[in-house]
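Fold and geometry: a report
Spelled out, the chains give:
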Amino acid sequence: MSQLDEDMEIDQRHFSPEKLYGRDCQLKELIDVCLRTRALCPPEVALISGCPGSGKTSLVQTAKGRLTDYGFSFISGNFDQLRYPEPLSAIITAFNQYFDDISGSHDELINFIRTSILERTGDCIGVLTFCFPALGKIIGSHCTNPTKVGLKETQHRFEYAFRSMVRAIATPSNPVVLF
C-alpha cells in the first residue's frame, strides 16, 4: 500500500460525510436567526453565500435536521442556468415543491393552508395559481382567472398576492425557511 493510499484510508476513517466540520459558528448563527424569528416574529434574513462546493447546502441541511422538531418548514429551489431567462425560477420551483408536499399530506393541514391562503389573498388567488400550478391542487376550484390590467398593475398585484400567500403559510407557529 502506498503512502497516498494509507493517507486516504486514514482520512476516510476520521471524517464522516454526514458531519459538518468547521462550521459551528455559522450553524449556531443560522439556528439562532430562525429561533429569534419564531420567538419575536419580526422577519429576518440570513444570507448564505459562498463558492460552489463550500458547504452551503450541508450547512442548511444540518440546520434543517435540528429545526424541524421546532415546527419549521424548509423549502428550496436551485438556480438552474438553463432557466436563467425565466425570472425567479428557483423560487417558483421551491414553492411548487412545497405545495406538492402539502397536497400529499393530511386533510387537516391541506384545509388549514387552503383557508389561510384564500383569506389572505382573496380575489388575487388566480395570479398565484398561474405562477404556482401546484397551489391549484390545494385551492381547488376557488380560482378565477385574473382580470387583465396594465403591466405595472400586474406587477403590483402579483407582489401583493405573493406577500399575502407567504404571510398565510409562514406563521410564528409554522415558520418557513426558503433556501
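All of these numbers come straight from a predicted model, not from anything done at the bench.

What about the overall build of the chain?
When its secondary structure is counted, the chain shows eight helices and two strands. Counting helices and strands in the order they occur from the N terminus, the chain gives α-α-α-β-α-α-α-α-α-β. For the chain, with 179 residues in total, the buried portion stands at 28%. When contacts within the chain are restricted to residue pairs at least 6 apart in sequence, long-range pairs at least 24 apart make up 65% of them. As displayed, the chain has an accessible area near 12200 Å², and 56% of this comes from carbon and sulfur atoms.

Some words on helix α5 (residues 107–121)
With 15 residues, α5 should cover 21 Å at 1.5 Å per step; its first-to-last C-alpha distance of 21 Å lies within 8% of that length. Among the residues of α5, those classed as buried are I110, I113, S116, I117 and T121. For α5, the angular spread of the buried residues around the axis is 140 degrees, confining them to a single face. Exposed side chains of α5 directed beyond 90 degrees from the buried face belong to D107, E108 and E119. Where α5 is buried, its residues touch α4 (89–103), α6 (125–131), α7 (133–139) and α8 (151–169). G122 sits one or two positions beyond α5 and adopts a positive phi of about 60 degrees.

Re α8
Counted at 1.5 Å a residue, the expected span for α8 with its 19 residues is 27 Å, and the 27 Å between its end C-alpha atoms agrees. Here α8 has its buried residues at R157, A161, S164, M165, A168 and I169. Buried positions in α8, seen along its axis, are confined to an arc of 125 degrees and lie on one side of it. The exposed residues of α8 that point more than 90 degrees off its buried face are L151 and K152. Looking at the packing, one finds that the buried side of α8 touches α4, α5, α6, α7 and β2 (176–178).

What counts, and where the lines are drawn
- Numbering of residues starts from 1 in every chain and runs along the sequence as written.
- The model is predicted, so local features are restricted to residues of pLDDT at least 70 and side-chain atom pairs to those at 80 or more, both for listing and for counting; the totals for chains, interfaces and linings are taken over all residues.
- The side-chain figures draw on all heavy atoms in the structure; neither hydrogens nor water molecules are used.
- Note on conventions: DSSP H or I runs of at least 4 residues are helices, E runs of at least 2 residues are strands, and numbering of each starts at the N terminus.
- When a residue's accessible area, from a 1.4 Å probe over protein chains only, is under 20% of the maximum for its type it is buried; when over 50% it is exposed; and in between it is partly exposed.
- Contact criterion: two residues are considered in contact whenever any of their non-hydrogen atoms come within 4.5 Å of each other.
- Surface accessibility follows the Shrake-Rupley procedure with a 1.4 Å probe radius. Residue values consider only the protein chains on display as shielding.
- An expected span of 1.5 Å times one less than the residue number is assigned to each helix.
- The arc in question is the one traced by the directions running from the helix axis out to the C-beta atoms.

Any functional reading would require information that these geometric values do not contain.
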